[in-house]
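# Breakdown of the fold
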Amino acid sequence: MTMDLYDTIIIGSGPAGLAAACAAGMQGKKVLILEKQPFPAMKLLASGGGRCNVSNTLPLEDFAGKFGRQWRFLLPALSRFHGETLLDFFQKRHVPLILPDGFHYFPASGKATDVRDALLNEIRQHGGQLLCNEKVINITPGRLWAVQTQNHLRHCRQLVCACGGRGYPALGGSMAGFDLVSELGHKVTGLFPAMTGVIAADPRVGECAGIALEKCAVTIDLKGRERLGAEGELLFTHRGFSAFAILDLAGAVAKLLTKYERVPLKIDFLPQYTAEDIDRLFASWRKSGGTRHISTLLAALLPKRVAGLLLDGDDPEISNWRAGSSARLAARLKGAKFDLCGVENWDKAMVTDGGIPLKEVDPQTLQSKLFPGLFFAGEMLDVTGPCGGFNISWALASGMLAGSFPLPELDF
């Protein structure tokens, strides 16, 4: 009986899985990718609004540092595939990456499909295979790994789990990969929706739904959490807040809500103004405002509905504006507080916060410390970066490392 044997089987066809297949194929390995969805790289194609922010210009250690306290774990992978190495890889495959804003790298065509196709073409060039609609239901270690799908049993010398996280189940997000490895004996940390919107306890926030403010500064207002903050666009939603100022905090908020009933969020609506600037502005209003109401003057700074939310019904004529009202408005403009009671669910989460603990994985190879021949890449690991090309870049770099480990010698 002939055994269906491969050098490397990769579970998952996201950027991590495709990169792993590229690396393995470049070494002459017989490679197979198994994907449970009908098409490969569905999340990748949706990233960046279909434009795919591949990476950014930060140097290696600064880039890795954005992933938090375990940033050194990322260095072996990023050292192999980051910066010029990443740019050169795609340039040679006719997908030049450009900097529309001077910081974020996108394909020059503005199409995520070009990134996917460059990876797929490289895999095919080296004889790799991709099978879609092939859900892996069991993996068994041994001298060879046994990989069972619904209809087929295959074997391999190396197995790369690049199954992705739980976010966007419509595009393939699920617990499937985590379940496979936890059944083996690997731990999986708590998993939380990240890069998603947050839900405000105050229903009045929804009255501003659809309003986007170009630049706000937000922080989690808990003792010891002062570093949890971000700056950028803020979008009011029907249930709370979203956009760049919020997305990077969502995973942390989800975790904190397991300890606290509410998580206070402080928003600086005018980070470009100092408190002294606002005092001077209010003084000028008192001199020249006449009979106009505060909301009319505030409209020069913020949309009317947002101004109304901050004024909370306290909207006198400027001539009747008392010192207490002035001080309260100044404080709200520079630090309005909103209690958060939740985050949006997995249907809207771009990233999974949590995964396989890094202590169970060798950073030099991304091989499991528990099971030789088993490798991890991308979102399955407990590695989460902020918005801005960090997570796709990590997926590519980790895939390149996971797929490049030399094959073990067979003893039969």
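Look above for the structure.
It should be emphasised that the depicted structure is a prediction, and the values quoted were computed from it without experimental measurement.

### Quick word on the pairing of strand 15 (residues 263-268)
Judged by how many residues are buried, strand 15 sits mostly within the fold: five of six residues are covered. By the bridge criterion, five bridges tie strand 15 to strand 16 (residues 336-343) in an arrangement that is antiparallel. Note on strand 16: the bridge partner recorded for I267 is A336.

### Let's talk about helix 12 (residues 304-311)
Taken together, the buried positions of helix 12 are occupied by V306, A307, L309, L310 and L311. Buried-residue contacts for helix 12 involve strand 13 (229-236), helix 11 (294-298), helix 13 (323-335) and strand 16. Looking one or two places after helix 12, you find D312, whose phi comes out positive at around 50°.

### Regarding the packing of aromatic side chains
Each aromatic ring pair is specified by the distance between its two centres and by the angle formed by the two planes. Per the counting criterion, the structure on display carries 13 aromatic pairs. Between F81 and F89 the ring centres are 5.5 Å apart and the planes differ by 80°, which places this aromatic pair in the edge-to-face class. Each member of the pair, F81 as well as F89, carries the same accessibility label: buried. Sitting over the face of the ring of Y6, K30 holds its NZ or CZ atom 4.7 Å from the ring centroid. Positioned above the aromatic ring of F106 is the side chain of R51, whose terminal nitrogen or guanidinium carbon lies 3.9 Å from the ring centre.

### Here we look at the sheet that holds strand 14 (residues 240-242)
Here six strands make up a closed barrel; going around it, the order is 11-14-13-12-15-16 and the pairing antiparallel. Neighbour to neighbour, the strand axes of the sheet diverge by 50° on average, direction disregarded. Here six bridges tie strand 12 (residues 212-220) to strand 13, and the two strands are oriented antiparallel to one another. Looking at strand 13, one finds that C216 is bridged to G232.

### As for the pairing of strand 9 (residues 153-161)
Two faces belong to every sheet, and in a regular strand the side chains alternate between them. In terms of residue burial, strand 9 counts as a mostly covered element, since eight of its nine residues are buried. Pairing of strand 1 (residues 5-11) with strand 9 involves six bridges; the strand directions are parallel. Within strand 9, the residue paired with L5 across the bridge is H155. Examined bridge by bridge, strand 8 (residues 145-149) and strand 9 share four bridges and lie antiparallel to one another. Along strand 9, the bridge assignment pairs W145 with C156. Taken together, strand 8 and the strand that follows it, strand 9, pair antiparallel across an intervening segment of three residues. One ladder, built from three bridges, connects strand 9 with strand 18 (residues 374-376); its direction is parallel. By the bridge assignment for strand 18, C161 is matched with F376.

Quick notes on the rules
- Residues numbered from 1 in each chain as written.
- Predicted model: local features only at pLDDT ≥ 70, side-chain atom pairs only at ≥ 80, totals over all residues.
- Heavy atoms only, no water.
- Buried < 20%, exposed > 50% of the residue type's maximum accessible area, 1.4 Å probe, protein only.
- Helix = DSSP H or I, 4+ residues; strand = E, 2+ residues; numbered from the N terminus.
- Pairing = 2+ DSSP bridges.
- Contact = heavy atoms within 4.5 Å.
- Phe/Tyr/Trp six-rings, centres within 6.5 Å; stacked < 30°, edge-to-face > 60°.
- Lys NZ or Arg CZ within 6 Å of the ring centre and 35° of its normal.
- Axes fitted to C-alpha atoms, helices over the stretch in contact; angles between N-to-C directions.

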